[in-house]
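Results of the structural survey
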Amino acid sequence: MSDGSVQQKQSQPAVPLLQEQRVGEILAAVPERGQWRYRPRRVGLVWRSKTFRAGAVFTVLALCGLVILALVRDQTGTEGFLVGLGLAVLPVPLLMAAFRWLDRVDPWSWRNLLFAFAWGACAAALVAIIANSFATRWIATATADPASADTLGATVIAPVVEESAKAAAVLLIFLFRRRHFSGILDGVVIAGFTATGFAFTENILYLGNAFGEDQQIGTSGFASVTAATFFVRVVMTPFAHPLFTVLTGLGFGFAALCARSHRIRRILLPVLGLMLAMGMHALWNGSGSFGPYGFYVVYGVFMVPVFALVTWLVIWSRQRELRTLATELPAYAAAGWLTPAEPLALSSMRARGVARDVARHQHASAYGSAGAYSASYGVPYPSPGYGYPAPGPPQPHSPAYGNSRVVVQVRSHAKAQAKARGRAAARAVAEYESFATSLAFLRRRARRGAADPDFVARELELLHHLWQRRGVAGPALTYAAQATGRLRPRYIPAGPAPHPPYGGYRPNPYLSPHAQQPYARPPYGSVPPPRSR
């Protein structure tokens, strides 16, 4: 046995071992990357691709939309579906405009808002229809009482299922867009867009069924079931579903304001908001069982006051966010990153709009004259007395006719380029306002102990973006502060804020030593962006 094994080992070819002295020689003999036969594999990195994730989300929502479309059309019929679609779409622009107005201080991207709307209209509605139908049939079979099954399904099953399905969109954005989810208004806006999408699909179903019922009994006009359903769901209570889900959004918004150490509070607040949404939804669905006037009592005594209270809360939160800019940004003005007037202008929505308009008109007029572009195109600017006839257009056979055509083309091109430059300037000011708002909210979170570990890196990144756009936005915001009365003639700025313990703002390293004083103007000219430490 031992001899055979020894002979077998000796018959195998010897494998050379890499020695430390030959490492450089071996690495020098490695072929070029284009000639590699073994390439590194990307294992487990597919889900990290933004394109893959966006495609997966779009595919899921599209499939849910197709399924919900088929279900609703099957229940209402083609004509009922088209009538319901035409009537249900009417309140959608108004609700979206209202929530977008609340979101003007620190606006979400339309990509996130459309995701929330699509989730409510497709995914949440599909889950609600399937779960409610299954639960109602199961209760009717178990109790042998279809009437009580419908009532129990509407007052118990539907609120739990529908509010949980809508809250899933708020939870997803809270988890995956946590950096932008910074306060009460963020939760309200996301919840409002989700509930608006859900109500849109539900209204199609109810209005389509009402139209089918009218066709069966032969009613039409104001006495029809369709008109009554439209009046109740679209005219009287278009805010019903948004109001329910906004309570869930308020829970997530309050959780976003809590410090990172308060983990129990950050979990309980969203759950409490969801429970309130379910309870309010159940009360609203069960109002019809309280008697002939139960609906009107719940509507007048409960729904309208709660709606007024929530409206006051979100408007107060919007003003509070503007006050946050006026409180947090002067520290960066004291360090030289902002001018003294910019925090005053950024804390006013009117001044923000004026700054964008001023930048648009100023940069458009600076490049809007045809004479300014005539030199670059090699075409002299036509004016009376310089070889061009002043009275009337030139004749087709005159030598100035060809030049006039070129001048018209130059003028049209100059106007188009001036408009483009004006839009670019207004966009730069809008981006400046957005970055400044994010910087103020970031500093507020750090002051409350809720800052993320990458606070310093994020602060430097936002300051870098501000510095790149301050040449356009700074003068526009200063003018807007003066034009709107935010900057008084005898305005005396306060001194610099004390250095925060969490590693907050720092003096601008690109200012000259004499400009490091509070509210000193930075040197004129292009300055490289701040370097990360």
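Keep in mind it's a predicted model, so treat the numbers as computed, not measured. (Residues numbered from 1 in each chain as written. Predicted model: local features only at pLDDT ≥ 70, side-chain atom pairs only at ≥ 80, totals over all residues. Heavy atoms only, no water.)

1. Describing helix 6 (residues 146-176)
Let me state the cut-off plainly: The way it works is that DSSP assigns letters per residue, a run of H or I at least four long becomes a helix, a run of E at least two long becomes a strand, and they are numbered from the N terminus. Multiplying 1.5 Å by the helix residue count minus one yields the expected span of that helix. Take the seven residues that end at a residue and the seven that start at it, fit an axis to each, and the angle between those axes is the bend at that residue.
Taking 1.5 Å as the rise per residue, helix 6 with 31 residues should run 45 Å; its terminal C-alpha atoms sit 42 Å apart, in good agreement. Of all the bends found along helix 6, the most pronounced is centred on Gly153 and spans about 45 degrees.

2. Details of the layout of surface pockets
What counts here: As defined here, a cavity is a set of points on a 1 Å grid over the protein atoms alone where a 1.4 Å probe fits but cannot get out. A pocket is an open set with protein on both sides within 12 Å along at least five of seven lines, and residues line them when an atom is within 4 Å of a point. Grid points are joined across faces, edges and corners, and a volume is the space filled by probe spheres set on the points.
Counted as a void, the largest pocket has a volume near 1200 Å³. Along its surface, the largest pocket is lined by 43 residues, and Glu162, Glu202, Tyr206, Arg233 and Asn285 are the ones closest to its centre. For the lining of the largest pocket, the secondary structure elements donating two or more residues are helix 3 (50-88), helix 4 (91-102), helix 5 (110-143), helix 6, helix 7 (184-217), helix 8 (225-236), helix 9 (240-257) and helix 10 (263-285). What the second largest pocket holds in volume is close to 920 Å³. Considering the residues around the second largest pocket, the lining is formed by 20 residues, among which Arg53, Ala54, Val57, Phe115 and Arg177 are closest to the centre. Elements that contribute at least two residues to the lining of the second largest pocket include exactly helix 3, helix 5 and helix 6. The element best represented in the lining of the second largest pocket is helix 3, accounting for eight residues.

3. Points about the confidence of the model for the protein chain
The cut-off we apply is this: On a range of 0 to 100, pLDDT expresses the predictor's confidence in each residue. Contacts are residue-level and defined by heavy atoms, with any inter-residue pair within 4.5 Å sufficient.
In the predicted model, the protein chain carries a mean pLDDT of 77, and the fraction of residues at 70 or more is 74%. Highest mean pLDDT in the protein chain belongs to helix 4 (92); lowest belongs to helix 15 (residues 370-377) (43). Every residue in residues 490-505 scores below 50 in pLDDT, and together they form 27 contacts with partners more than four places removed in sequence or on other chains. The low-confidence segment residues 510-533 (pLDDT under 50) makes 40 contacts with residues lying over four places distant or belonging to another chain.

4. Overview of the packing of aromatic side chains
For any pair of aromatic rings, the description consists of the separation of the ring centres together with the inter-plane angle of the planes. As a reminder of what qualifies: Each Phe, Tyr or Trp ring, with Trp reduced to its six-membered ring, pairs with another whose centre is within 6.5 Å; inter-plane angles below 30 degrees give stacked pairs, above 60 give edge-to-face pairs, and intermediate values give tilted ones. The rule is simple: take the accessible area with a 1.4 Å probe, protein chains only, and divide by the maximum for that residue type; under 20% is buried, over 50% is exposed, in between is partly exposed. To sit over a ring, a charge needs its Lys NZ or Arg CZ within 6 Å of the ring centre and within 35 degrees of the ring normal.
This model, assessed by the stated rule, comprises 14 aromatic pairs. Note on Trp337 and Trp467: the rings are 5.6 Å apart at their centroids and 85 degrees apart in plane angle, and the pair reads as edge-to-face. Pair noted here: Trp337 is in the loop between helix 12 (330-334) and helix 13 (342-346) and Trp467 is in helix 17 (residues 455-483), with a separation of 130 residues, a long-range link. As far as burial versus exposure is concerned, Trp337 and Trp467 are alike and both buried. Among the aromatic residues, ring-to-ring pairing joins Trp108, Phe174, Phe181 and Phe252 into one connected group. Positioned above the aromatic ring of Phe198 is the side chain of Lys166, whose terminal nitrogen or guanidinium carbon lies 5.0 Å from the ring centre. Positioned over the ring face of Phe441 is Arg444, at 4.8 Å from the centre of the ring.

5. Focus: empty space enclosed by the protein
Summed over the entire model, instances satisfying the criterion amount to three cavities of 30 Å³ or more. In this structure, the largest cavity occupies an estimated 40 Å³ of space. Around the largest cavity, the lining residues are Gly183, Ile184, Leu185, Leu257, Ser317, Arg320, Glu321 and Arg444. When contributions to the lining of the largest cavity are tallied by element, the ones reaching two or more residues are helix 7 and helix 11 (294-328). At three residues, helix 11 tops the list of elements feeding residues into the lining of the largest cavity.

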